[in-house]
Structure formats: structure tokens, C-alpha cells
Amino acid sequence: MALISLQDVFIAFGGPPVLECVNLQIQKGEKVCLLGRNGAGKTTLLKLINNDLEPDKGTMARQQGITTAYLPQEVPQTLSGQVFHIVLGGFEKHTLETEGEWEIHRQTNTLITRMNLDANATFESLSAGMKRRVLLAKALVSKPDILLLDEPTNHLDIDAITWLEDFLSRYEGTLLFVTHDRMLVKKIANRIIELDRGKLSNWDCDYQTYLERKEATLDAEKGQWALFDKNLDKEEEWLKRGVKDRRVRDEGRVNALLRMREERRARRELMGTAKINLQEAKRSGKLVVEAENVCFGFNEKPIIRDFSTLIMRGDRVGIIGPNGSGKTTILQVLLGRLEPQQGSIRLGVKLEVTYFDQLRDQLEEEKSVQDNVASGNDRVLINGKNRHIIGYLQDFLFSPERARTPVKVLSGGERNRLLLAKLFARPSNLLVMDEPTNDLDMETLELLEDLLIEYKGTLLLVSHDRAFLNNVVTSTLVLEGEGRVEEYIGGYDDWLRQRPLPTSPAAPAAPSTPKSPTQEPGEKPQQRRQRPRKLTNKEKLELETLPQRIEELETEQHELYQIMSDPEFYKQDGRAAARTAERLQTLKDDLSRAYHRWEELENIEKI
């Protein structure tokens, strides 16, 4: 029996149906990816399955006793409190009563540690990416029968996305997820469903096969519609010539024509593709940015240390690194908006910069879509020609009605498209984009890719979208911790091949540009390929014993939490309480190192 079964489900919110006669069955153990354009109703379907919505018509049957957990697309603005208690809130009340407090707390602390979260941190003090991790942990902690994820990779760094992929590939429960991350779809989904114009279609295949079959289906649909429209025109022409008599067959033909008209009116056209165009300014000088021995940091924490690079006109440079590592900071330094504490930045001449901000702060919430782009005017100058603002916004898939609505009611994908429309309304020769792919549907994402590949100017791109980096950038700057910024030729996959393998903590640190004994004369360091290595016998033994070590540390940690939760604990000598708190911090650090070492050894074992 299916865990969830939808039959002829219908939902509408005043306009065209969001879900129209939708049928769906989800079986135990399936990993289903839900695809669709921005605004197609994917989130509505997830909320329906999570019991947050009721269908207007149709039925939804759930297998008795199954549980669901839902990770929303947006971070709730009102959520606050300690990370531990928020993650713990992922358990239902009856679970706390049946499984026992000790076991629930152990599961919560284990997951928090594995996701590299601080259990005592306050949620409101975290970055957007870390908040996303906390909400993901909350969804995962109760091990639900069906896990519902709405754009789970948004705002996660590449390490977290890689961890998420590994977790979901081994996840034994049932998974239904919405994502624009093409690598995640390829690696995780064993079934694809697509929501298009209120209808749900099923594709039992991999992602590449889905793309091929979908294109063939759309081509067939266009052919059928063209034939239908041709027949309709023919019948309309017959009617204009007049019905000569009242014969039955003529009445039947008129009735058939009326039915054809009704069918044509009911047809929901395929949503168009955005027609995004970049306005390119006059060419900049050949040199765009030169950095020499640059250092920069905050509160004695180095963000960039002894960093040098040369960015020339036409380069497309990707920037990757963990959340909070300073990717946005390095952009500001390279643009000369932050002055280096040491070293120098030299900017080229004739630079005209367009900056895409990941937080979309350039959008004014209370103003309408068209006023955000045209500042109250009804025309914009695009490539030397005056265009009406409504026509320009239609290129970015905003209908005339949507163009007049305030920004605050737009979805995340619509806001991203609006910011692209606003920025691309002025010319540039240096395009700086900080996480432009969040919330974009795959069609718009691929169009933006093509646009950036053809862009004649210079591109600085911060992104966690691995496929996007692979397809767009020509080199990559990687923030590798403690202020080190290394440069690699190519995109994400090229970085994986070129980066040094993880080393044991006891091993001496390698120099920044080591000379390999296998290096050919004249070969650049970035062009070398590291040979895969295997675990030593000592490392194999370490890998086998780490799970037991982690369990011992977690047990001691829990015992100390229990001791410190007793009011009598704080009546004892202050030095004893301080020693206990110090031991608890040591356990937390040891656990973090143990989990990091475990993942490090497992990664080497997989090579």
C-alpha cells in the first residue's frame, strides 16, 4: 500500500487551478524529485502532503501512523531560541514520552554535532546558511516516514551540500524534494514528477532521460496544438461563409465548433521562457583587478592572507568556500570597497560594475515591481532603445498585473528575476553576482548560464551551485580557511581533481605551492592531478574505532548535561562547577574533531 495517495485533487486560489485533477502515489523508500517552474504550485503540493492544506476537491489517503517532516523554502522570521531546543522541536510530544528524554537528547546532540552546529547558539544570531542548517536538522532529527524538502540546498555551502547528498543517498526513509540543484537531482532521485499548468506527470527515469523525454513530449504537444488550431480556423472560416440550411449535419458541425472554441479557451499555454539580455558597456581596460599580497580580517580573524591574483578582461572567476568564510568580503576587497589591511588592490580603467546582492537588499519591498526597475517612469533605455516597462518586464515573465504588485508579495524566484531585470536595465562590463541562482527554476537557471557564457565582460561569481560553476567559470578562487585563498583552473569538478587530498592532523602542513616529484618541467601547479591514496593500516584501525570513541564521548557529554541540569549543582564550590563546564567544552571540541576525522577517513576510503 502506498504511504500517500492523491486522487483527482483540485486546489485553486482564485485564478487558474494550481492543482487540477492531480493523481499521485508515493511508495515506501522512494526518492522523488518534484520539478516545475516558479509559481507552478510545488510548495502547495508539499504542504498538502504535510497536512498543512486541504484539497478543494478530491481525496488524499495516508497510511495509518505515518509521519512527515517539512523543510520550508523560506526561514521563518519569528523563530528564535537556542539551536538545541529548535532541533529538539522536530520531535512530536508523544515521541518524547515513548522513547525517553535521554535517547531523544542523544539523537539531537549527535545530529547537531554532525551538522557542525553550536547547540548553545541563538538562532537569531546565525547567518542565513546556518539557520538553514538548523531547520534541516529539525526536519531530520525525528526520522520521519516521509521527508519533504523545499529547496534544501538554498544558502548551504558546498561542504554542507555534499554532506546532505551523502546523507540523503543513505537515507532509508521516503523522500520528496523540490530543488533547482541539478547535481542533487542526478545523484539522489530515482523518480521525477513534474507539475506543469496544474497537471502532474510522472517520469520513472533519471534526470538526463527526463530532459530528453520531456522535450519530445513538448514537441508532440506543439504539433497537436498546431493541427487543432488549423482545424479550428478552418471551421471558423466555414461558419463565416454561413450555414446554407438547417440540416442536422450542419447543426452538428456548429456544435462541434462550439466545443472546439471551449477547448481552446480552456487551454493553458506553456509558461514562456524568460528573454534575458545583458546590456554590455564599452570595453574595460585589459586589466580588471590586480591584487598583491593582500591581507584582510575582522577582529583579528584573518579572512584573506597574502593573497595575490590577476583578473583580466573576459575572465569568469568563481568564488567558493564555507558559509561565513568571507566570500562576500573578498568581493568587496577586490572591488576596492574595502581597503586591504596589507598589500594592494589595483583596479583597471573604464570599469562599469553591476552588483547582484544575494540578500536582494536593492529591492524596495513596498514599491511595485515596475517602480523598482524604472523608478516611477514608464520607459527604460535598453541597448539604446526606449522600451515600455511592462514590455521589458514581460521578458522576465512578469505579467502586466504582476508588474503592478508590490515586491513584498513576490516569491523567492520572482524576486531573483526582478533583481536580474533591475540590474540588467543598465550596462556593465564587470558583472559581480553573489548567489544569483537561489530560487530560480531550472529553465531560467540554464538561460542565465547561457547568458553569462556569452557575456563579453568580466564576471565575479559567488555560488554554491556546482553545475552552474562547472558550466560558467574559467577559474575558481577557494577560501580554504585561516585566510588561505587558492586559485584553480576551471570550475567545481576541476577544483575537486586539483585540490590536495586531506592529510592527517599530525602531518606537517604542506606549503602553498608544493613541488610534486611527478611534476613535469614547466607544468603549472594548478594543472597537476593528485594521485589517489589508500588508507594505511593505522588509519583503517582508527576508522574502525572512531564510532565507539564518539559514542563514549556522547555518553559522557549527556551525563554532564544531566548533572548540570540539577539545581543542586550550582550550590557546590564554584571551582568544581567551572571544571565541569570546562570538561563539557572539551568534550564538544573532541566530538567535533572526531566527526571531522571520521568523515575525512571515509572520504579517503571511497577514493
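Predicted model only: the values in this text are computed from it and were never measured.

A.B. asks: So what's going on with the sheet that holds strand E13 (residues 342-347)? Which residues, and what values?
C.D. replies: Spatially, E11-E10-E13 is the arrangement adopted by the three strands of the open sheet, whose pairing is antiparallel. Bordering the open sheet on either side are strand E11 (301-312) and E13, each of which pairs with just one other strand. Sheet twist, expressed as the average angle between the axes of neighbouring strands with direction ignored, equals 15°. Docked against the sheet, helix H10 (residues 327-334) engages strand E10 (287-298), E11 and E13, running at close to 50° with respect to E11.

A.B. asks: Give a description of the side chain of Asp590 that names residues and reports values.
C.D. replies: Inspection of the secondary structure assignment puts Asp590 in helix H19 (residues 574-606). Asp590 has contacts with Arg549, Leu553 and Arg583, leaving out every residue within four places of it along the chain.

A.B. asks: Quick one: what's the story with the pattern of salt bridges, residue by residue and with numbers?
C.D. replies: Taken as a whole, this structure holds 19 salt bridges when the rule is applied. A salt bridge links Arg170 to Asp166; the nearest nitrogen and oxygen atoms lie 2.8 Å apart. Linking Arg170 with Asp166, this pair stays in helix H6 (residues 158-170), spanning four residues, or about one helical turn. In this structure, Asp181 and Arg466 form a salt bridge, with 3.2 Å as the shortest nitrogen-oxygen distance. Placement of the pair is Asp181 in the loop between strand E7 (174-178) and helix H7 (182-188) and Arg466 in helix H16 (residues 466-472), with a sequence separation of 285 residues. Like Asp181, the residue Arg466 is buried in the burial classification. Taken together, the shared-partner salt bridges connect Glu165, Asp181, Lys187 and Arg466 into one network.

A.B. asks: Lay out helix H4 (residues 101-114) with the relevant residues and their values.
C.D. replies: If you check H4, its first and last C-alpha atoms are 20 Å apart, about what 14 residues at 1.5 Å a residue would give, namely 20 Å. Among all positions of H4, only Ile104, His105, Gln107, Thr108, Asn109, Thr110, Leu111, Ile112 and Thr113 are buried. One or two residues past the end of H4 sits Asn116, with phi positive at roughly 60°.

A.B. asks: Tell me about the environment of Gln332, and name the residues and values.
C.D. replies: Its place among the elements puts Gln332 in helix H10. Leaving out residues up to four positions away in the same chain, Gln332 has contacts with Arg337, Leu338 and Tyr355. A polar contact of 3.1 Å, which involves the side chain of Gln332, links it to the side chain of Tyr355.

A.B. asks: Please give an account of the sheet that holds strand E1 (residues 4-11) that cites residues and values.
C.D. replies: Sheet architecture is open: three strands sit in the order E2-E1-E4, paired in antiparallel fashion. On the outer flanks of this sheet lie strand E2 (19-26) and strand E4 (57-62), each paired with one strand and no other. Adjacent strand axes in the sheet meet at a mean angle of 15°, parallel and antiparallel pairs treated alike. Helix H1 (residues 42-49) rests against E1, E2 and E4 of the sheet, and its axis sits at about 130° to E1.

A.B. asks: If you had to explain H1 to someone new, which residues and values would you point to?
C.D. replies: H1 sits mainly inside the fold: six of its eight residues count as buried. All of the buried residues in H1 are Lys42, Thr44, Leu45, Leu46, Leu48 and Ile49. Backbone geometry just downstream of H1 places Asn51 in the positive-phi region, at approximately 70°.

A.B. asks: Report on unusual backbone geometry, specifying residues and quantitative values.
C.D. replies: Of note in the backbone geometry, Lys350 takes a positive phi value of approximately 60° without being a glycine. By the secondary structure assignment, Lys350 is in the loop between E13 and strand E14 (353-356). The phi angle at Ser375 is positive, at roughly 55°, despite the residue not being glycine. With respect to the helices, strands and loops of the structure, Ser375 is situated in the loop between helix H11 (369-374) and strand E15 (379-382). Residue Ser375 is classed as exposed on the basis of its relative accessible area, which comes to 59%.

A.B. asks: Could you give an account of the pairing of strand E19 (residues 475-479), naming the residues involved and the relevant values?
C.D. replies: A large share of E19 lies buried, amounting to five of its five residues. Of the two faces of E19, the one holding Ser475, Leu477 and Leu479 and the one holding Thr476 and Val478 are both buried throughout. As defined by bridge partners, strand E12 (residues 316-320) adjoins E19 across four bridges and the pair is classed as parallel. Its bridge partner being in E19, Gly318 is matched across the sheet by Thr476. With five bridges connecting them, E19 and strand E20 (residues 485-489) associate as antiparallel partners. Bridging from a neighbouring strand, Leu479 pairs with Val485 of E20. The turn joining E19 and E20, which pair antiparallel and follow one another in sequence, is formed by five residues; a positive phi near 95° is taken by Gly481.

A.B. asks: With reference to specific residues and values, describe the packing of aromatic side chains.
C.D. replies: What describes a pair of aromatic rings is the distance from one ring centre to the other and the angle between the planes of the rings. Under the criterion given, the structure shown has seven aromatic pairs. Relative to Tyr210, the ring of Trp203 lies with its centre 5.5 Å away and its plane at 80°, an arrangement referred to as edge-to-face. Assessed through its relative accessible area of 3%, Tyr210 is described here as buried. The rings of Trp163, Phe167 and Tyr171 are connected pair by pair, giving a single aromatic cluster. Lying across the ring of Phe10, Lys57 places its NZ or CZ 5.3 Å from the centre. A cation sits over an aromatic face here: Arg417 above Phe398, 5.2 Å from the ring centre.

A.B. asks: Which residues make up the confidence of the model for the protein chain, and what values go with them?
C.D. replies: Predicted coordinates in areas of low pLDDT are best not read in detail. Taken over all residues, the pLDDT of the protein chain has a mean of 81, while the share at 70 or more is 85%. Overall, residues 504-531 carries pLDDT values under 50, and its contacts beyond four positions in sequence, including any with other chains, amount to 25 contacts.

A.B. asks: Give me the environment of Ile4: which residues, what numbers.
C.D. replies: Checked against the element boundaries, Ile4 lands in strand E1. When the C-alpha positions of Ile4 and Gln63 are compared, they lie 6.5 Å apart, and in sequence the two are 59 residues distant. When near neighbours in sequence (up to four residues on either side) are disregarded, Ile4 contacts Leu24, Gln25, Ile26, Ile49, Ala61, Arg62, Ile66 and Ile146.

About the thresholds
Residues numbered from 1 in each chain as written. Predicted model: local features only at pLDDT ≥ 70, side-chain atom pairs only at ≥ 80, totals over all residues. Heavy atoms only, no water. Pairing = 2+ DSSP bridges. Helix = DSSP H or I, 4+ residues; strand = E, 2+ residues; numbered from the N terminus. Axes fitted to C-alpha atoms, helices over the stretch in contact; angles between N-to-C directions. Contact = heavy atoms within 4.5 Å. Salt bridge = Lys/Arg side-chain N within 4 Å of Asp/Glu carboxyl O. Buried < 20%, exposed > 50% of the residue type's maximum accessible area, 1.4 Å probe, protein only. Expected span 1.5 Å × (residues − 1). Polar contact = N/O pair within 3.5 Å; in protein donor to acceptor, adjacent residues only side chain to side chain. Phe/Tyr/Trp six-rings, centres within 6.5 Å; stacked < 30°, edge-to-face > 60°. Lys NZ or Arg CZ within 6 Å of the ring centre and 35° of its normal. pLDDT = per-residue confidence, 0-100.

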